[in-house]
Amino acid sequence: DGGNAELFNSGDTCLQFVQVVAVFFQNNKRLNKEKKVSFFLLSRINEENPKEYLSHIFWEEGKLPLKEFSLNALDSSLREGMERGRISKAGELARRKAELLLAKEVSSEADWVVLDGTLEEKLPGEKEILDCLPPNVCGLAKSCSLITAKGRNAVGYVGSRGLHGNWMYFLDLI
């Protein structure tokens, strides 16, 4: 899992704290944890292309192969309406990429790696990492905004039609 916090934002420069952690369990007991901490600076300093945000990553604890990257401020996945993408959105992208890279890194040490959220590409640059994840990495979405064709909450609808009480899927059967 991971988190990010905006420390400074001036519209064209943003400094974010990014942290990701992998926690290892065996027989319901915590064995170990691995933590990666970085500071992520994003600014619009590319004079040749003022639509481009450029990043710089400073690793404090641990290290991941998260490379510095640039973002197009007019990318539709970053924009809100007709406005250019918020520069702070890049902090979310840096955290998400760090989560995926840490999952890939620890996957050889674990039977299963469970990420918080889905394995769906939502931001630019995620696809390359998602395509390289091994089969023992899965996502667990705790919330769902799907609706039925008649506008009902899909989770509630499925729950009303299925078995009552607690239920589970066994991974070896899927």
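Structure's up top.
Residues numbered from 1 in each chain as written. Predicted model: local features only at pLDDT ≥ 70, side-chain atom pairs only at ≥ 80, totals over all residues. Heavy atoms only, no water.

## Here we look at the environment of Asn4
Here is step 1: Here Asn4 is to be found in strand S1 (residues 2-9).
Here is step 2: With residues up to four places along the chain from it excluded, the contact list for Asn4 reads Gln16, Phe17, Val18, Gly91, Glu92 and Arg95.
Here is step 3: A distance of 2.7 Å separates the side chain of Asn4 from the side chain of Gln16, its partner in a polar contact.
Here is step 4: For Asn4, the side chain forms a polar contact with the side chain of Arg95, separated by 2.9 Å. (Helix = DSSP H or I, 4+ residues; strand = E, 2+ residues; numbered from the N terminus. Contact = heavy atoms within 4.5 Å. Polar contact = N/O pair within 3.5 Å; in protein donor to acceptor, adjacent residues only side chain to side chain.)

## Description of the side chain of Ser107
Here is step 1: By the secondary structure assignment, Ser107 is in the loop between helix H1 (89-106) and strand S6 (113-116).
Here is step 2: The buried category is assigned to Ser107, whose relative accessible area is 10%.
Here is step 3: Apart from the residues lying within four places of it in its own chain, the contact partners of Ser107 are Val113, Pro134, Asn136 and Val137. (Buried < 20%, exposed > 50% of the residue type's maximum accessible area, 1.4 Å probe, protein only.)

## Comments concerning the nonpolar core
Here is step 1: Core analysis: the largest hydrophobic core is formed by 32 residues, its most contacted members being Phe40 and Leu71.
Here is step 2: Listing elements by their share of this core, those giving two or more residues are strand S2 (13-26), strand S3 (29-43), strand S4 (52-61), H1, S6 and helix H2 (126-130).
Here is step 3: When near neighbours in sequence (up to four residues on either side) are disregarded, Leu71 contacts Lys51, Glu52, Tyr53, Leu78, Ala90, Leu93 and Pro124. (Core = buried A, V, L, I, M, F, W, Y, C linked by side-chain atoms within 4.5 Å.)

## Some words on the pairing of S4
Here is step 1: Bridge count for S3 against S4 is 7 bridges, and the pairing is antiparallel. Bridged to Phe39 within S4 is Phe58.
Here is step 2: By the bridge criterion, 3 bridges tie S4 to strand S5 (residues 70-72) in an arrangement that is antiparallel. Of the residues in S5, the one forming a bridge with Glu52 is Asn72. (Pairing = 2+ DSSP bridges.)

## Considerations on a nonpolar patch on the surface
Here is step 1: A surface patch of nonpolar side chains, amounting to about 320 Å² of accessible area, comprises Trp112, Val114 and Leu140.
Here is step 2: Its place among the elements puts Leu140 in strand S7 (residues 137-140). (Patch = residues over 30% accessible without salt bridge, like charges linked within 9 Å, V, L, I, M, F, W, Y side chains within 5 Å. Areas by Shrake-Rupley, 256 points an atom, 1.4 Å probe, with all protein chains shown as cover. Salt bridge = Lys/Arg side-chain N within 4 Å of Asp/Glu carboxyl O.)

Take it as geometry only, folks, not as evidence of what the structure does.
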